[in-house]
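Examination of the molecular architecture
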Amino acid sequence: MAPEARTRPPVSYGGPLAVLLLVVLAVCLASFQSGSEIARRWVLLKRSIVSGTPAPAETFRFWFDPDYAVFLEAVAERTPAGASVAVLVPARPDAYLYLAVYRLAPRRVVDARWMGEASAVAVYRTEAGRGPEGEPIPHGTLRAR
Amino acid sequence: MTLPAAFTSVAAGVAAAGIAGWSIARFFTAGLTRRESAAWSLASGLLVHAIVLLAFLGSGTRPRAIGFLAADAVVVAVSLRIRRPRRGNPPLRGRRGPAEQFALLLLLAVAGAAIAIFAIEALSEPMWSTDFLAIWGLKGKIVFATVALPSRMFHDPALAWAHREYPLLVPLSLVALASFGAGWNDQALALLYPACELATLLALYGFLARRVSPVAGAGAAALASLCFFLYRAVNAGTAEVPFALGAVLAAGAALDFLDADSPAARARLAAAALFCASLKQEGSLFVLLLAAMVWWRARRSPARGRRAAALLLCIPPAVHWGLLYLLRGSQTRRDFDLTLFEPRRWLELPALFLLVATRMLGTEARQAIVPLAAIALYLLVTRRGIADPLLPVFAAQIFCYAVAFSVSSFDPLYAIEGAFRRITMTLFPAFTLVLCARIPYGVPGWAHQSSDPRRTPVPGERSGLPSREAAGPQGGGTRGNTRKWTES
């Protein structure tokens, strides 16, 4: 046997296997991403840079009801920043309430339980039967108290 | 203000935070790589800006860019007047073979592409996740609009679901960035999140390049960047992405401290602990578990006070909690039914824990069986690495999650479904330290024959623990393909 062959280190499969396992892990992690979603978001980003914030129907924020964005906008325009607003909105999904509280902040936004403490009551169209009558606004009513 | 202008303002805010943070971090990052210093600068800068913001709020002054820049200028000027501590030994550069160079470039290209994807995801629309709308963004918007920390944020029963007990660094950071001219533009403010991801990857790359090898560092950065369950649009606006940065910094600081005690290492421990605790409650848990690990591993250390130094990880969360308590008073934790810990209900706990453990080890683990098996096999076929002391910390953190789910006020299974993966994946970037510290030196020996192992550039004075890591090879390797340690 040639001397070079005698001194050659034993073949080890540990290194390639370790790298292969990391690649498997990386592929599993990367599978949470979808190419079409990236493409959609890239278009959305380009458009929003050119023409401003995307329309509610295009965003995840109002995925469940794009009209709700218009309603909240109308309530925000008609109530002062220091107001307390009761919102009567569907209980599900809970994003209805969270979006109202967030969009109308810093106003104090409460649900029906604290309606008596509010200086205005905003009723979304689907909840019209539950609230007091008020001034019509897009997709609902608003009553100042 | 147009969206590009808003992006520019927020980017300026991030850059200003980085510069202010650098002026603080320079005192404890001597001996680290520039990449690590950049990561520490961002984390420190977010803390500095939060403190400056609180000062503005305390004086009833609306914070503006000029105010932040003036405060930053003072911080930088004071910092530059103080002599920086002696730099540690610079990292030794081994020759890089073409295979190693290629691997490095490939891995960094993967990480760069992944950052770009997350940036597109995060910035393409206003932040929308429920946690942003109901917790982090809501608090930030209220603070920004009222120029105060109104007591109703902590006491209004109508906001009972807004987690009034949560730390405030994320909302305060968003307010600070909004103050740089963009106003409350919740699309532009999302820029904070790719910035945090970039800092996280720089910290991973820098730490492992310094302690193990550049390929190990680039591997960790690439692997962490591909964690799209964490780096995706739904997590923009929450505390998960910043906490991933905090966990990496804290884990790296703890490993450095174990390797060599020094004032700089201790300062990094304290800074990372404060950063983590200010972000999430899980952050406090993580640093307390790290403290336990440091204390345990330092028990045989001949250096006096070394075990006590583990307290540095405990003090910042305790001080932070105390300050938060003074601010918001006592808060009930609506997520947890703590009466389950009362003796009369102890008998209910085993069944609940069993339910949670079964769900975690059953459904959740089964859905991730391939990556979990890959991790397990990888740990089996590779040699121990310098980050292995972190393994029990991660295990303990997940065990604590299981306990927390067991005492959930809601259906434990519902809680697991909603949160378990998210909060577990937050730990993944720090976990890549464990994985990639085991990567063989340079590139695997079967790929080429060069790549010198690297000596640890110890940023401190005293020698480290009498551990295998401190005395011998800093990297991992595979069981069948180990290399001898040689100083170049």
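1. Description of the overall build of chain A
- The secondary structure content of chain A amounts to five helices and five strands.
- When the helices and strands of chain A are listed from N to C terminus, the series reads α-α-α-α-β-α-β-β-β-β.
- Considering chain A as a whole, with its 145 residues, one finds that 34% of them fall into the buried category.
- Looking at chain A alone, contacts between residues at least 24 apart form 57% of all its contacts between residues at least 6 apart.

2. A short note on the overall build of chain B
- Secondary structure summary: chain B contains 19 helices and zero strands in total.
- Expressed as a percentage of the 488 residues in chain B, the buried residues total 54%.
- Expressed as a percentage of contacts within chain B between residues at least 6 apart in sequence, the contacts between residues at least 24 apart total 82%.

3. Some remarks on the interface of chain A and chain B
- Facing 43 residues of chain A, the contacting portion of chain B comprises 47 residues.
- Looking at the side of chain A that touches chain B, the elements with two or more residues in it are α2 (14-30), α3 (35-51), α5 (95-104) and β2 (108-110) of chain A.

4. Section: the environment of V52 of chain B
Residues and elements named next belong to chain B.
- Inspection of the secondary structure assignment puts V52 in helix α2 (residues 34-58).
- A tally of 23 C-beta atoms within 10 Å means that V52 is categorised as buried.
- The sequence separation of V52 and A71 amounts to 19 residues, and the corresponding C-alpha distance is 7.1 Å.
- V52 has contacts with F68 and A71, leaving out every residue within four places of it along the chain.

5. Side note on the nonpolar core
Residues and elements named next belong to chain B.
- Ranked by size, the top nonpolar core spans 191 residues in total, and within it A250 and L433 carry the most contacts.
- When near neighbours in sequence (up to four residues on either side) are disregarded, A250 contacts A272, A273, C276, F286, V287 and L290.
- Formed by seven residues, the second largest nonpolar core is a distinct cluster that contains Y401, F405, V407 and I416.

6. As for the packing of helix α4 (residues 98-123) of chain B against helix α9 (residues 214-225) of chain B
All names here are of chain B.
- At a closest axis distance of 8 Å, the pairing of α4 and α9 adopts a crossing angle of 25°. In terms of orientation, α4 lies roughly parallel with respect to α9. For the pair α4 and α9, the sense of crossing is left-handed. Contacts from E100, A103, L104, L107, L108, V110, A111, A114 and I115 in α4 reach P214, V215, A218, G219, A221, A222 and S225 in α9.
- Partitioning the contact of α4 with α9 into residue classes produces 13 nonpolar, two polar and one charged.

7. Things to note about the environment of R92 of chain A
- Mapped onto the secondary structure, R92 of chain A falls in the loop between β1 (84-88) and α5.
- In this structure, the C-alpha to C-alpha distance between R92 of chain A and W42 of chain A, residues 50 residues apart in sequence, is 31 Å.

8. Some words on helix α10 (residues 240-259) of chain B
- When the terminal C-alpha atoms of α10 of chain B are compared, their 28 Å separation across 20 residues agrees well with the 28 Å that a helix rising 1.5 Å per residue should span.
- Counting buried positions along α10 of chain B yields 20 of 20 residues, so the element is predominantly enclosed.

9. Some words on unusual backbone geometry
All names here are of chain A.
- Backbone torsion omega between R92 and P93 reads -5°, so that peptide bond is classified as cis.
- Relative to the helices and strands, P93 is located in the loop between β1 and α5.
- Following A105, the chain continues to P106 via a peptide bond in cis, the omega torsion being 15°.
- Turning to its location among the elements, P106 is positioned in the loop between α5 and β2.
- Non-glycine residue H139 carries a positive phi angle of around 65°.
- Considering the arrangement of structural elements, one finds H139 in the loop between β4 (135-137) and β5 (140-144).
- Given 18 C-beta atoms within a 10 Å radius, H139 is considered partly exposed.

10. Points about the sheet that holds β5 of chain A
Residues and elements named next belong to chain A.
- Strand order across the open sheet formed by five strands is β2-β1-β3-β5-β4, with mixed pairing between neighbours. Either end of the sheet is taken by a strand with one partner, and the two such strands are β2 and β4. Put simply, the sheet's adjacent strands are angled 25° from each other on average, direction ignored.
- Across four bridges, β1 lies against strand β3 (residues 120-124) in parallel orientation. Bridge assignment links V85 to a residue of β3, and that residue is A120.
- The strands touched by helix α4 (residues 67-78) are β1, β3, β4 and β5; relative to β4, the strand with the most contacts, the crossing angle is about 130°.

11. Some points on the packing of helix α14 (residues 348-367) of chain B against helix α16 (residues 391-406) of chain B
All names here are of chain B.
- Relative orientation of the contacting elements α14 and α16 amounts to 125°, with a least axis distance of 8 Å. Considered as vectors, α14 and α16 are oriented oblique to each other. Judged by the twist between their axes, the crossing of α14 over α16 is right-handed. Counting all contacts with α14, which are made through L349, L352, F353, V356, A357 and M360, the residues of α16 involved are A402, F405 and S406.
- For the contact of α14 with α16, the class distribution of residues is eight nonpolar, one polar and no charged.

12. Some thoughts on the pairing of β3 of chain A
Residue and element names in this part refer to chain A.
- Among the five residues of β3, five are classified as buried, and the element is accordingly described as predominantly covered.
- Side chains A120, A122 and Y124 project from β3 onto one buried face, and the interleaved V121 and V123 project onto a second face that is buried too.
- In this sheet, β5 lies alongside β3 in antiparallel orientation, the contact comprising five bridges. Among the inter-strand pairings, Y124 is bridged to a residue of β5, identified as G140.

13. Describing the confidence of the model for chain A
- Per-residue pLDDT for chain A averages 86, and the proportion of residues at 70 or more is 87%.
- A low-confidence stretch, residues 1-6 of chain A (pLDDT under 50), is modelled with one contact involving residues beyond four sequence positions or located in other chains.

14. Observations regarding the confidence of the model for chain B
Residue and element names in this part refer to chain B.
- Per-residue confidence for chain B averages 87 on the pLDDT scale, and 87% of its residues sit at or above 70.
- Under a pLDDT of 50 for its full length, residues 442-476 has, in the predicted model, 116 contacts with residues more than four places off or in other chains.
- Scored below 50 in pLDDT, residues 479-488 shows 26 contacts in the model against residues more than four places distant or in partner chains.
- At the level of chain-chain contacts, confidence expressed as ipTM amounts to 0.88, with global pTM at 0.89.

15. So, helix α8 (residues 192-211) of chain B
- With 20 residues, α8 of chain B ought to run about 28 Å at 1.5 Å a step, and its terminal C-alpha atoms sit 28 Å apart, in line with that.
- Counting buried positions along α8 of chain B yields 20 of 20 residues, so the element is predominantly enclosed.

16. A few points about the environment of W22 of chain B
- Relative to the helices and strands, W22 of chain B is located in helix α1 (residues 3-25).
- Along the sequence, W22 of chain B and A38 of chain B sit 16 residues apart, while their C-alpha atoms lie 7.3 Å from each other.

17. Some points on the pairing of β1 of chain A
Residue and element names in this part refer to chain A.
- For β1, the tally of buried residues reaches four of five residues, placing the bulk of the element in the interior.
- As paired elements, β1 and β2 share three bridges and run parallel to each other. The residue of β2 that forms the bridge with V85 is V109.
- Handedness of the crossover joining β1 and β2 through α5: right-handed.

The rules behind the values
- Residues numbered from 1 in each chain as written.
- Chains lettered and ligands numbered in written order.
- Predicted model: local features only at pLDDT ≥ 70, side-chain atom pairs only at ≥ 80, totals over all residues.
- Helix = DSSP H or I, 4+ residues; strand = E, 2+ residues; numbered from the N terminus.
- Buried ≥ 20, exposed ≤ 12 C-beta atoms within 10 Å, placed from the backbone.
- Contact = placed C-beta atoms within 7 Å.
- Core = buried A, V, L, I, M, F, W, Y, C linked by C-beta atoms within 7 Å.
- Axes fitted to C-alpha atoms, helices over the stretch in contact; angles between N-to-C directions.
- Parallel < 35°, antiparallel > 145°, perpendicular 65-115°, else oblique.
- Left-handed = near helix turned anticlockwise from the far one by under 90°.
- Nonpolar A, V, L, I, M, F, W, Y, C, P; charged D, E, K, R; others polar.
- Expected span 1.5 Å × (residues − 1).
- Pairing = 2+ DSSP bridges.
- pLDDT = per-residue confidence, 0-100.
- Right-handed = clockwise from strand over helix to strand, strands pointing away.

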